[in-house]
Amino acid sequence: MKSYFENYESLHDSSFEDFMAHQLSSSLCQGIPDNWNVGVRLSVRELSLVGEGSHRHLSSSIRLQIAAASIPKLPAHLCEVIVIQRLPLGVFADPFELQNPHKHKAFRDIAVFGDTNLELPSFQSNRSAVEFHIDAGFNILFMQNNGTEFNLLLPLHARYQPLDESGYSVVEIGEPDMLMRCSVEGKQHKQSCLFMSPPNEKAKSTSATVAWKIPAGMKAHAGFVSVITFVTALLSTLSIVYASMFLSGTKVSKT
Amino acid sequence: MISLKPRSILLISAIFRVGLILVGEWQDTHMEVRYTDVDYLVFSDAASLMASGQSPYKRTTYRYSPLLAFLLIPNSFISRCWGKFLFSASDLFVGLFIRIILKQRKVPDDLCTYSMLIWLFNPFTFTIGTRGNCEPIVCAIILWIIICLINGNVVQAAFWYGLIVHFRIYPIIYALPIVIFLDPRFFRSGTKPLLSDWTSDPGKARQINSELIDKCAVCDVWKSTFTRSRILFGLISGTVFLLCTGFFFHLYGWEFLHEALLYHLTRTDARHNFSIYFYHIYLNYERELSVLEKLVSFLPQFIVQLVLILCFAKDLVFCFFVQTVAFVAFNKVITAQYFVWFFCVLPLILPWSNMKLKWKGLCCILLWMGAQTHWLLWGYLLEFKGKNVFLQLWMASLLFLAANTFILIVLIRHHNYGPVFRQHTDLKTTKTT
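Keep in mind it's a predicted model, so treat the numbers as computed, not measured.

A. Main features of the overall build of chain B. When helices and strands are tallied, chain B shows 20 helices and two strands. Buried positions account for 55% of the 433 residues belonging to chain B. Across chain B, contacts joining residues at least 24 apart in sequence account for 75% of those joining residues at least 6 apart. With the model as given, the accessible surface of chain B reaches about 19200 Å², and the carbon-plus-sulfur share is 68%.

Dropping the structure here:
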């Protein structure tokens, strides 16, 4: 994601997909003939939202499968799975919360990119993305035939939504993008390169999303809320002024 | 009657706070819900940035003076709890200062003790410092300023006032009452002002004070505005404020000015909070509010502050209290930590109130807590259950303002108003006809 934001100002799906397709392809592992023969498959087995209200967790269950014959070729202890969860407008991840070592000690690294302002409403903010780096070595070494699974629990928070007549705004969160990065022996020295799921495999699961229904203010309330707010403030003011001038011990004494 | 000595009260309070801090650390490590305030993590991060020679404003949402980050630098190399101990110590100082102020005004021992207990064992106040909120430092300094003023120490009062306005801004509302308070009849060169002693007889209090309250405070100000004390106070506090602000501007530039000062002066938050304005702000967030709208929302605050100052400035402590309650109640953003601003002054005015705890006092407490709890229930449904209850939450904030207004009026009605000082020559009580 750091590379992405060096080239683009903000996160758009089309820009990001273009970036993944063209710019990352140059980082694919070339030393091993035909990257796809390594048989790396990264897929999302389950995506769900856990919890209620404005603070929830996005639960992703990710399966990593590598063809059995390819496992010995891989430097397992030097591989990591990279998961990039793009977030829509309307929700954000708190980068400081993600640094909590108690909760996230399983990850090699976690970072938030894009708009990390915690306070702005969605109509004044931009999108963001969370990137996880998970050590894959242990999982590769002891991989079963049906692969190995990682579970990610990403705490998310809702921003204040644009006004909506229905009183709710629906935000959809799609599946994450996933890669595996390994340090392999190159012609001259070690270099890191990427493994990605074959494009046709990846396309199968792109339709899975989760929907988050977030309360929103209603425009119909604007008129009377403003009037009653100011009338209430005025009445309180007059009451306090009256009490201060006529009901307190500061009466002017008559001589 | 309580027979605990002040030293014992402070010792028990200190042990209690140390225990809370330790329990809080355990809770943070082992439980999902943290005890520590989110703001404390912000302060600590800013402090560690400062310790490594960087700007504390690299930490997003750090909106305080660099002084606070500086005070918390030991978090990085002594213990991450250093700040909590510092804030809790300030908390204890507030209790001590409450006793000092009341004893100087000859308040009986038992009332002094009750007043200390109201602060030191108020669940709201002892959690504030132990959770890592910095407001106890502000409260301690405000009370120290009061001590300086009632002892005639204008120079020191001015120094701390300039510093605290730089640190937290809201005490700027005390500027005019302090200027009025520095009445040349009491503040004479080389003479310590005479304090009016506490009396349990409201009739006697009114008699003693009648000669002093028969003149409009505004007339006093205009007659003798530029006295030595007032000029000294203004110059010193202004200089301290500008020096601190200038120094940190030199170090951290516009980022400091914006985050630590301008943000607070222009802050509007569309997210739900106790203020009656939050929903109005949210519903109009997508358009720029007109000048008239901004003025209309500022007027209630301005009018209330002005009237309270003109009516109560001579009774400075009571003036501080009512001003702070009104300031918080009419503010565009209200968070729970603001309540500490008037909680620290409340024990100082209670000995002068003829309102009994049974039942009027108890009713006021229950009304205030009830209105707050009512708001919190709707806030919980919105934030943690995802229900659209914006309208109900806004109505709860209207009720909260109504409760605050009612309680303020009741306290004003039951307060035995009396200037803090009396004149050096003996007073002759005036006959009223």
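B. Just the UniProt feature "transmembrane region" (unreviewed entry) in chain B, in detail. All names here are of chain B. The UniProt feature table records "transmembrane region" (unreviewed entry) at residues 85–102, 114–130, 137–154, 160–182, 231–252, 302–322, 334–353 and 393–412. With 83% helix and 0% strand, the stretch residues 137–154 has end C-alpha atoms that lie 21 Å from each other. For residues 393–412, the helix share is 100%, the strand share is 0%, and the end-to-end C-alpha distance is 29 Å.

C. Just the UniProt feature "transmembrane region" (unreviewed entry) in chain A, in detail. Under the local residue numbering, the UniProt record ascribes the feature "transmembrane region" (unreviewed entry) to residues 222–245 of chain A. For the annotated span residues 222–245 of chain A, helix accounts for 100% and strand for 0% of the residues, and the straight-line distance between the end C-alpha atoms is 35 Å.

D. Layout of the environment of Leu235 of chain B. Mapping Leu235 of chain B onto the fold places it in helix 13 (residues 228–266). Looking at Leu235 of chain B, the relative accessible area reads 55%, which means it is exposed.

E. Region of interest: the packing of helix 6 (residues 222–247) of chain A against helix 20 (residues 390–413) of chain B. Here helix 6 of chain A crosses helix 20 of chain B at 5°, and the two axes come no closer than 9 Å. Taken as axis vectors, helix 6 of chain A and helix 20 of chain B run roughly parallel relative to one another. Residues Phe224, Val225, Ile228, Thr229, Thr232, Ala233, Ser236, Ser239, Ile240, Ala243, Ser244 and Leu247 of chain A of helix 6 of chain A lie in contact with helix 20 of chain B, whose contacting residues are Leu391, Trp394, Leu398, Leu401, Thr405, Leu408, Ile409, Ile412 and Arg413 of chain B. Looking at side-chain class alone, the contact of helix 6 of chain A with helix 20 of chain B contains 14 nonpolar, six polar and one charged residues.

Definitions and cut-offs
Residues numbered from 1 in each chain as written. Chains lettered and ligands numbered in written order. Predicted model: local features only at pLDDT ≥ 70, side-chain atom pairs only at ≥ 80, totals over all residues. Heavy atoms only, no water. Helix = DSSP H or I, 4+ residues; strand = E, 2+ residues; numbered from the N terminus. Buried < 20%, exposed > 50% of the residue type's maximum accessible area, 1.4 Å probe, protein only. Contact = heavy atoms within 4.5 Å. Areas by Shrake-Rupley, 256 points an atom, 1.4 Å probe, with all protein chains shown as cover. UniProt positions renumbered as here; feature names shortened; annotations may be inferred. Axes fitted to C-alpha atoms, helices over the stretch in contact; angles between N-to-C directions. Parallel < 35°, antiparallel > 145°, perpendicular 65-115°, else oblique. Nonpolar A, V, L, I, M, F, W, Y, C, P; charged D, E, K, R; others polar.

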